Amino acid sequence: MTATAPPFVGRPADADAAGSPPPPAPRPRRGPRARFLVWVRNGGVPTLVMFLPLLLTFGYFAWWPILKSLILAFQQTDLINDPAWVGLRNFERVLADPLLWTAAGNTVWFAVLALLIGFPLPILMAMVMAELRRSRQISSVLVYLPVIIPPVVSVLLWKQFYDPSSSGLFNTVLGWFGLGPIGWLQDPALAMPSIVIQATWATAGTATIIYLAALMSIQAELYDAAEVDGASILQRTWHVTLPQLRSVILLMLLLQIIGTMQVFTDPFVMTGGGPENRTVTLLMLIYNYAFLSGDFGKATALSLMLAVALSVVSAIYLRLTRKWSES
């Protein structure tokens, strides 16, 4: 005799629906007056009073000049006489200037050289410093020391190093090997690379410290596991270190692109734009428009064009690297 399973006895299918509590009613939306009263009761007024001086100061010294420049870009003015509204004429005059495209090409060339020379160097220095134990602090101080030197002092110092005579530092070193002397800043082909080397020396310390801090946050277990698997130093660097630094590298790359596109002090002090306009940059051209020609409308027009171009480049960069940075 076979036993049969008893029929399933349970609640009807509609019992759960009938016995379950009704869904909560949606909360009524608060109007603007009700939200304002809640904000006041939560201490919004004292908070606003406390931050109001900061907001006014920041707005006056940061946002007001930006708004003023937007107006000046469409005016003909020397900041002394009454401005005259000229519409898009300033932009047309900037685009008609043959030196604009020379300055744009020089700026892009500076950015490319800075990425090739100055971008991987801080990463390599940070990796070397991360392997140090006792001398890590002193090496961090030495790496960051050029950053605290005033930029003009740094440029003038390297300008002496680049002295074209045989008594210059670099030409003296070349003379030990029977080479030189070389006109580092006088040669059109060497002027821009020479400026990039100086700029890299002066600014690489900041990026190195940032990369070093990121390296110190990488879990040591990842390196131990890679070493157990027989990974070499290059393999550990490629498969462990660089992926862990991915977000930092992407951010620093974007900041370097923006910074190099706004280079001014180094070529201005070192070469003044020469030789043969090979080191004239966009910011130097803006300076010439404003303070040599006295045409602030034209200068602000070029400034606005540069700001728009950098915004577009940044947006495209963030769009292209979004998936790679999040993977």
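Calculation criteria
Residues numbered from 1 in each chain as written. Predicted model: local features only at pLDDT ≥ 70, side-chain atom pairs only at ≥ 80, totals over all residues. Heavy atoms only, no water. Helix = DSSP H or I, 4+ residues; strand = E, 2+ residues; numbered from the N terminus. Buried < 20%, exposed > 50% of the residue type's maximum accessible area, 1.4 Å probe, protein only. Contact = heavy atoms within 4.5 Å. Areas by Shrake-Rupley, 256 points an atom, 1.4 Å probe, with all protein chains shown as cover. Axes fitted to C-alpha atoms, helices over the stretch in contact; angles between N-to-C directions. Parallel < 35°, antiparallel > 145°, perpendicular 65-115°, else oblique. Left-handed = near helix turned anticlockwise from the far one by under 90°. Nonpolar A, V, L, I, M, F, W, Y, C, P; charged D, E, K, R; others polar. 1 Å grid on protein atoms, 1.4 Å probe; cavity = no way out; pocket = protein on both sides within 12 Å on 5 of 7 lines; lining within 4 Å. Points joined across faces, edges and corners; volume = space filled by probe spheres on them. Phe/Tyr/Trp six-rings, centres within 6.5 Å; stacked < 30°, edge-to-face > 60°. Core = buried A, V, L, I, M, F, W, Y, C linked by side-chain atoms within 4.5 Å.

> Which parts of the structure should I look at to understand the overall build of the protein chain?
When you go through the protein chain residue by residue, the secondary structure sums to 16 helices and 2 strands. Counting over 327 residues, the protein chain shows a buried share of 31%. Of all intrachain contacts in the protein chain linking residues separated by at least 6 positions in sequence, the fraction that spans at least 24 positions is 63%. Put simply, the protein chain shows about 21,400 Å² of open surface, and 68% of that area lies on carbon and sulfur atoms.

> Just checking my understanding: could you explain the packing of helix H8 (residues 151-161) against helix H10 (residues 191-216) for this structure?
Two quantities define a packed helix pair, namely the angle between the axes and the distance from one axis to the other. Two elements in contact, H8 and H10, have axes whose closest approach is 10 Å; the angle formed by their N-to-C orientations is 135°. Considering their axes alone, H8 and H10 lie oblique with respect to each other. Of the two elements, H8 crosses H10, and the hand of that crossing is right-handed. Two secondary-structure elements touch here, H8 through Ser154, Val155 and Trp158 and H10 through Ile197, Gln198, Trp201 and Ala202. Residues belonging to the contact of H8 with H10 are distributed by class as follows: 5 nonpolar, 2 polar and no charged.

> Got a minute to help me understand the layout of surface pockets in this structure?
Leftover empty space is mapped by rolling, across the atoms, a probe with the size of a water molecule. In this structure, the largest pocket spans a volume of roughly 710 Å³. Around the largest pocket sit 33 residues that line it, and Ala199, Thr203, Ala204, Gln256 and Thr260 are the ones nearest its centre. Put simply, the parts of the chain that give the lining of the largest pocket at least two residues each are helix H5 (98-118), helix H7 (136-148), H8, H10, helix H13 (246-260) and helix H14 (265-270). With 11 residues, the single largest contributor to the lining of the largest pocket is H10. When the residues that make up the lining of the largest pocket are grouped by side-chain class, the tally is 21 nonpolar, 11 polar and 1 charged. By volume, the second largest pocket amounts to about 420 Å³. What lines the second largest pocket is a set of 14 residues, and nearest its centre among them are Ala130, Glu131, Met216, Tyr223 and Thr241. Elements supplying a minimum of two residues to the lining of the second largest pocket: helix H6 (120-130), H10, helix H11 (220-228) and helix H12 (233-244). The element best represented in the lining of the second largest pocket is H12, accounting for 4 residues. Of the residues belonging to the lining of the second largest pocket, the class tally is 8 nonpolar, 2 polar and 4 charged.

> Even after reading the chapter, I still don't get the packing of aromatic side chains, so can you show me in this structure?
Within a pair of aromatic rings, the relevant descriptors are the distance that separates the centres and the angle that separates the planes. Inspection of the entire model under this criterion finds 17 aromatic pairs. Measuring from ring centre to ring centre gives 4.9 Å for phenylalanine 264 and phenylalanine 268, while their planes differ by 20°; the resulting arrangement is stacked.

> Whenever I open this one, the side chain of glutamine 75 confuses me. Can you help?
Mapped onto the secondary structure, glutamine 75 falls in strand S1 (residues 75-76). You can call glutamine 75 buried: its relative accessible area is 13%. Ignoring any residue separated from it by four or fewer positions in sequence, one finds glutamine 75 in contact with Pro83, Ala84, Trp85, Val86, Asn90 and Gly297.

> Before we go on, may I ask you to explain the nonpolar core in this structure?
For soluble globular proteins, nonpolar side chains are generally found buried alongside one another. Grouped together as the largest cluster of nonpolar side chains are 19 residues, with contacts concentrated most on Val94, Leu100, Leu285, Tyr289 and Leu302. Looking at this core, the element that brings in the most residues is helix H16 (residues 296-326), giving 6 residues. In contact with leucine 285, not counting residues within four places along its chain, are Asp97, Leu99, Leu100, Ala103 and Leu302. Within the second largest apolar cluster, 16 residues are counted, among which are Met127, Ala214, Ile218 and Met252.

> How do you make sense of unusual backbone geometry when you look at a structure like this?
A negative phi angle is the norm for most residues apart from glycine, just as the trans form is the norm for most peptide bonds. For the bond from glycine 274 to proline 275, the omega torsion is -5°, close enough to zero to count as cis. The phi angle at glutamate 276 is positive, at roughly 55°, despite the residue not being glycine. Mapped onto the secondary structure, glutamate 276 falls in the loop between H14 and helix H15 (282-292). One non-glycine residue, asparagine 277, lies in positive phi territory at about 60°. As for its placement among the helices and strands, asparagine 277 is situated in the loop between H14 and H15. Assessed through its relative accessible area of 37%, asparagine 277 is described here as partly exposed.

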